[in-house]
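Each chain, written out:
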Amino acid sequence: MSTELLPGIDKIWLYTRDFEVNDKSVLDVNRDLKAGQKDEDLPLLFVDKKGEPMYGMKAKHIGKNQNLPYFASINKIGLSVQFNPSKIIHPYQLLTDVNLISSISDQIESELYDIGIKFNPSDCGISRMDLAKQDLMSRDLTSYRTAYEFMDGKRMKSKGYETGYLFENGNHEVCFYDKGIESKIKDAEGLLRVEPRFKDNDLIRKRLGYNTFADFLKSDANEWNEHYKKYLNEKIFRKSKQGYILDFNTELETLKSLKERGNNSVTDYLLIVGIDLILLQFGSMDFLFDLMKKAGYHRNYIRIIKAKIQSLMTFPSKGKIVSISTLINELQQKFAA
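A few points on the structure. Everything numeric here is computed off the predicted structure, so don't read it as measured data.

### Regarding the sheet that holds strand S14 (residues 191–198)
Spatially, 10 strands are ordered S3-S6-S7-S8-S1-S10-S14-S13-S12-S11 in an open sheet, and the strand pairing comes out antiparallel. Lying at the two open borders of the sheet, with one neighbouring strand each, are strand S3 (28–30) and strand S11 (157–161). Between one strand axis and the next, the sheet turns through 15° on average, direction left out of account. In terms of strand pairing, S3 meets strand S6 (residues 58–62) through three bridges, oriented antiparallel. If you follow Asp28 over to S6, its bridge partner there is Lys60. Helix H2 (residues 98–114) contacts strand S1 (8–16), S6, strand S7 (71–75) and strand S8 (78–83) of the sheet and is inclined by roughly 130° relative to S8. Across the sheet, helix H12 (residues 324–335) lies against strand S10 (125–136) and S14, angled at about 115° from S10, the strand it touches most.

Here it is in structure tokens:
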């Protein structure tokens, strides 16, 4: 019996206005002063327990513990603490245990407390949360590149890049990407990660129902899964366009076989692709030979081409065309069904 694929938490950003700083010197500050400006001309970020004001655009602290990476910053809105709980536990596997996430936040709170920055994670709002699923697909991930272009993100812009495809609309986005290429970790090769990113506290309240981090800590991966699937089905898989592409895995095997035969493997492969498409549309190669005759090719040359094509037609010609809807359905069944 197969187990349903559950999402993990890839990224969390907490924010609060309720914080204290004992000594502002523990923070690096970005002042970005213009000519003639003084510190006092910049926004007041906070006043530390010594009564010293901190002026600037942003004050920040990067966690020094390599086993507990996080980033804390303060701007005129308040304190933000950002961390990736999954990556803290494992280089590429996703964390689905909310108790471990709670433990990680406690450790970060403790480390910040040790340097004189006090806040309560449970009372914090959430300004960003990335849910993610990942799994091996039955096809090479290259096969899905064209399918992404046929998927219709509702009121979302889309763009492809080297390792994947992104649908975005300001405060939310979905990224499909090859985790092996992105992470440069060999053990993660072939993992397709599908990652909705909620980048606004109002959207997180609306979509996920979490007003505070404490609310989130009462949830579990099964609850995240319901939010995850509902979002993807509403925004990405609501409808798909029709189309057909060559199946990458099958074409790869054909090209490898041709390469083993010797020279002109790429030219021969292109001929086979053309043969398949002509046969699919016209049922025989007579269409090509009639074209050659009308174009004025000598009958001896036409005979040579016929012999060449007969040789190439020994390669399998079925199963090389796959519908776009099939590929999209595979993605939906794997990640959102």
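Next, the rest of the story.
### Concerning empty space enclosed by the protein
Scanning the model with the defined rule gives one cavity of 30 Å³ or more in all. A volume near 40 Å³ is recorded for the largest cavity. In terms of lining residues, the largest cavity is bounded by Asp10, Asn84, Ser86, Lys87, His90, Pro91, Tyr92, Gln93, Leu94, Lys179 and Arg193. Within the lining of the largest cavity, the residues separate by chemical class into three nonpolar, four polar and four charged.

### Regarding the side chain of Lys179
Looking at the secondary structure, you find Lys179 in helix H4 (residues 179–183). Looking at Lys179, its side chain comes within polar contact range of the side chain of Glu182, at 2.8 Å. The contact partners of Lys179, leaving out residues within four places of it in the chain, are Tyr92, Gln134, Lys184, Ala188, Leu191 and Arg193.

### Regarding the pairing of S10
A regular strand places its side chains so that they alternate between the two faces of the sheet. The buried count for S10 comes to 10 of 12 residues, which makes it a mostly enclosed element. Bridging between S1 and S10 involves seven bridges; their strand directions are antiparallel. Residue pairing across strands places Lys11 opposite Asp130, the latter belonging to S10. As judged from the six bridges shared by S10 and S14, these two strands associate in the antiparallel manner.

### Considering the pattern of salt bridges
Evaluated as defined, the whole model comprises 18 salt bridges. Taking the shortest distance from any N to any O, the salt bridge between Glu173 and Lys199 comes out at 3.3 Å. Residue Glu173 is located in strand S13 (residues 172–178), and its partner Lys199 is located in the loop between S14 and helix H5 (201–207); the two are separated by 26 residues in the primary sequence. Judged by relative accessible area, which is 6%, Glu173 ranks as buried.

### What about unusual backbone geometry?
Although it is not a glycine, Asp32 sits at a positive phi angle of roughly 50°. One can find Asp32 in the loop between S3 and strand S4 (44–47). Of the residues examined, Asp32 reaches a relative accessible area of 56% and is grouped as exposed. In this structure, Lys184 is a non-glycine residue whose phi angle is positive, near 55°. Position of Lys184 relative to the elements: it lies in the loop between H4 and S14. For Lys184, a relative accessible area of 77% puts it in the exposed group.

Thresholds, definitions, all that
Residues numbered from 1 in each chain as written. Predicted model: local features only at pLDDT ≥ 70, side-chain atom pairs only at ≥ 80, totals over all residues. Heavy atoms only, no water. Pairing = 2+ DSSP bridges. Helix = DSSP H or I, 4+ residues; strand = E, 2+ residues; numbered from the N terminus. Axes fitted to C-alpha atoms, helices over the stretch in contact; angles between N-to-C directions. Contact = heavy atoms within 4.5 Å. 1 Å grid on protein atoms, 1.4 Å probe; cavity = no way out; pocket = protein on both sides within 12 Å on 5 of 7 lines; lining within 4 Å. Points joined across faces, edges and corners; volume = space filled by probe spheres on them. Nonpolar A, V, L, I, M, F, W, Y, C, P; charged D, E, K, R; others polar. Polar contact = N/O pair within 3.5 Å; in protein donor to acceptor, adjacent residues only side chain to side chain. Buried < 20%, exposed > 50% of the residue type's maximum accessible area, 1.4 Å probe, protein only. Salt bridge = Lys/Arg side-chain N within 4 Å of Asp/Glu carboxyl O.

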